[in-house]
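Summary of the model geometry
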Amino acid sequence: MMKINRNLLKTGALAAGLLVLTSTSIWAEKVIEITGNDQMKYDIVAFEVEAGQEVTIIFKNIGKLPKVAMAHNVVVLKRETDTMKFAQTGISSKDTDYIPPAMKDSVIAKTGLAGSGETVKVTFTAPSEPGDYPYVCTFPGHFFAGMKGLMTVKGS
Ligand SMILES: [Cu+2]
């Protein structure tokens, strides 16, 4: 029952995204689907959006390990962020999903943490400045295992 409902929800979200894409201009919403696994890897490590575009990231943890040992999120950061420092300082910030409170202003968008089989998502407006914006998983150790990627904002 739960599984069916989740799939229906996902299909609905995708259909909504497609509808927007086909009915409007370049400002249409962009939907990015990313998965993460027990090997601490994203399947998508780079994607492009337009400056100022509405973006929805749908992330699914396709791993099998329990959430306490293996959870993932997607946190998009400002260009100038020291990602190494962000990941390192966040390790002790369990209450904020391992996002360091002192660096929270570096966050452009963040999903919740997804355990095995869970899907999380976030909708945000892409920055107006073109360039490469890093995204990371903040679960302790995952950034250092390579769980990171780049969102490229294209100019108009
Ligand atoms: Cu992770």
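Parameters and conventions
Residues numbered from 1 in each chain as written. Predicted model: local features only at pLDDT ≥ 70, side-chain atom pairs only at ≥ 80, totals over all residues. Heavy atoms only, no water. pLDDT = per-residue confidence, 0-100. Contact = heavy atoms within 4.5 Å. Phe/Tyr/Trp six-rings, centres within 6.5 Å; stacked < 30°, edge-to-face > 60°. Helix = DSSP H or I, 4+ residues; strand = E, 2+ residues; numbered from the N terminus. Buried < 20%, exposed > 50% of the residue type's maximum accessible area, 1.4 Å probe, protein only.

Let's talk about the confidence of the model for the protein
- Of the residues in the protein, 82% reach a pLDDT of 70 or more, and the chain-wide mean stands at 89.
- Ignoring residues within four places in sequence, the model shows residues 21–25, a span with pLDDT below 50, making two contacts including any to other chains.

A few points about the packing of aromatic side chains
- For the coordinates displayed, the defined rule picks out five aromatic pairs.
- Where Tyr42 meets Phe59, the ring centres are 6.1 Å apart and the plane angle is 85°; that geometry is what we call edge-to-face. Linking Tyr42 in the loop between strand 1 (30–36) and strand 2 (46–50) with Phe59 in strand 3 (residues 54–61), this pair joins segments that are 17 residues apart in sequence.
- Residue class for Tyr42 comes out buried when judged on its relative accessible area of 6%.
- The exposure class assigned to Phe59 is buried, which follows from its relative accessible area of 0%.
- Measuring from ring centre to ring centre gives 5.5 Å for Tyr42 and Tyr135, while their planes differ by 50°; the resulting arrangement is tilted. Placement of Tyr42 in the loop between strand 1 and strand 2 and of Tyr135 in strand 7 (residues 131–136) is noted, with a sequence separation of 93 residues between them. For the residue pair Tyr42 and Tyr135, the accessibility class agrees, reading buried in each case.

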